[in-house]
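Fold and contact review
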Amino acid sequence: RSLVQYVVDYIYIHVPLLVPRVIIIGPRGTSTLGMTTPITAFTALIDVAEDEQCEEVEEYLTAKGAEIPPSSDADLFPRLQQIIQQCHLVFQDKDLPQPEVEGFFYSVASLFHIIPAEQTQETLELFCSKIAIGTTKENGAFKLKLLGLMFCHLDRRDRLRYTVLCQRVRLAQELGLFSSLRTNVDKLKEWVEEWHLSESQTRTLYQLLWDACSSSNNTNKSLSSQILIELLSTFTASDAHEAAKLAEQLVVLVISDPQQFILDHLLRLEPITALKSERIYQLLTIFISERYLQFVEFYEANQTFVDGLGLDYSYCVHKMRLLTLITLAVESREVAFSDLSSALSLPREEVETFILEAIRLKLVEARMNQVSEKLIVTNSVHRTFHMEQWKLLHERLSSWKQNIDSVKSSLKTVTA
């Protein structure tokens, strides 16, 4: 039995009323440069003409209480508009089985290819809003699924996907189901490029995602900070002051994230730069390039401020010790345990345990020489990456190249 036969059998069993004659979903439509085009993604091979299909859907909605006057208009788009205006009667009916609702969704969506290009945006927005009507905790995941189906069936480059995604994010925020979106920021950035979104549209998208993320119980601080970074990157020097609160939230977020240690990229954001005269900026620079003792001094002078940010002092102390260890490992390939004990304000007997944690977190590659009581560093991450680091990288790559050339010359000599 083919996959197509299984799909057809499933539809006949679960959605016999609405889509009794579907054979197979047709090819997806295409668009260029993210421009809005007629929707052809839901074209289905159905053995009746579109006018008969409209009539069946109209009859179904009428049975649900819709008031749709009979029409013999050769232009089917006005009839589809009436169907979409009344389709919330199905989407909000809590007694309907979900397969039947999904079948209705496909039946209406398969008519979208008749929508004129200039009407696609408005019509799709209306249809998505109708899907969201009557959403509850019980059917919320199913409604998100329907919007997800709409999103996936549109061409990857079609800007209409932006409309569906925004509606889906809004609904997820209302339901507290942000995690169900399975957000991938790298993929989002690809879509923004493919859809050729304006700066305003890009900001709207990331603002919706941030609102949904921050209002949920999302524990993935890395994802939260990625979304917020993309949102702040839409601001320029002229309007950076409007995002001051968001910039402060980002600083607190990355400092409190136990997985983030390299923070210098935040200084490239205009809203962060606009905070230069604020204490929050000074705190950020400490976590970017300063050492443990500098943080302790700052905290003692600004304890109320730091505590007011919701940052845990003991956590910050621990993180600053790890960051200080990184700095020492970059500055010297051999670091005495006594120097570590002094720089980190740790008892000598706790230094080795602390080194092991830094190695486990892959902040440094090193080994301990207990006899000489030294940390022998093989490699280390860099807290900042500026011209000095680029020069060092160039020197190492040049050295590797020379070594490889030498090996090649030796091999030629051996094989000659």
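Residues numbered from 1 in each chain as written. Predicted model: local features only at pLDDT ≥ 70, side-chain atom pairs only at ≥ 80, totals over all residues. Heavy atoms only, no water.

**Observations concerning helix α2 (residues 50-63)**
Because each turn of an α-helix spans 3.6 residues, side chains separated by three or four positions end up pointing in the same direction. Between its first and last C-alpha, α2 extends 20 Å over 14 residues, near the 20 Å set by a 1.5 Å rise per residue. Turning to α2, its buried residues number three or more, namely Gln53, Cys54, Val57, Glu58, Tyr60 and Leu61. On an axial view of α2, the arc spanned by its buried residues comes to 160 degrees, and they lie on one face. Of the exposed residues in α2, those oriented more than 90 degrees away from the buried face are Glu59 and Ala63. Where α2 is buried, its residues meet α3 (76-86), α4 (88-91) and α5 (98-109). Once α2 finishes, Gly65 follows within two positions and takes phi at roughly 105 degrees, a positive value. (Helix = DSSP H or I, 4+ residues; strand = E, 2+ residues; numbered from the N terminus. Expected span 1.5 Å × (residues − 1). Buried < 20%, exposed > 50% of the residue type's maximum accessible area, 1.4 Å probe, protein only. Arc of directions from axis to C-beta. Contact = heavy atoms within 4.5 Å.)

**What about the pairing of strand β2 (residues 364-369)?**
Pairing between β2 and strand β3 (residues 374-380): 6 bridges, direction antiparallel. Looking across to β3, one finds that Glu365 is bridged to Asn379. Between β2 and β3, which pair antiparallel one after the other, the connecting turn spans 4 residues, and Glu373 there sits at a positive phi close to 55 degrees. (Pairing = 2+ DSSP bridges.)

**A closer look at the nonpolar core**
Nonpolar side chains in soluble globular proteins generally cluster together in the buried interior. Counting 120 residues, the largest nonpolar core has Phe127 and Leu340 as the members making the most contacts within it. Dropping the residues within four chain positions of it, Phe127 is found in contact with Ile84, Cys87, Phe91, Phe105, Val108, Phe112 and Met150. (Core = buried A, V, L, I, M, F, W, Y, C linked by side-chain atoms within 4.5 Å.)

**Section: the sheet that holds β3**
Strand order in the open sheet made by the 3 strands is β1-β3-β2, with antiparallel pairing throughout. The open sheet is flanked by β1 (334-336) and β2, the only strands paired with a single partner. For this sheet the average axis-to-axis angle between neighbouring strands, irrespective of direction, equals 30 degrees. Docked against the sheet, helix α17 (residues 313-331) engages β1, β2 and β3, running at close to 85 degrees with respect to β3. (Axes fitted to C-alpha atoms, helices over the stretch in contact; angles between N-to-C directions.)

**As for a nonpolar patch on the surface**
A contiguous nonpolar surface patch, about 400 Å² in accessible area, is contributed by Phe385, Leu393, Leu397 and Trp400. Checked against the element boundaries, Leu397 lands in helix α20 (residues 387-415). (Patch = residues over 30% accessible without salt bridge, like charges linked within 9 Å, V, L, I, M, F, W, Y side chains within 5 Å. Areas by Shrake-Rupley, 256 points an atom, 1.4 Å probe, with all protein chains shown as cover. Salt bridge = Lys/Arg side-chain N within 4 Å of Asp/Glu carboxyl O.)

**Examining unusual backbone geometry**
Of note, Arg182 is a non-glycine position whose phi angle comes to about 50 degrees, a positive value. Here Arg182 shows up in the loop between α8 (160-175) and α9 (185-194). A positive phi angle, close to 55 degrees, is found at Ser345, a residue other than glycine. Of note, Ser345 is situated in the loop between α18 (337-344) and α19 (348-360).

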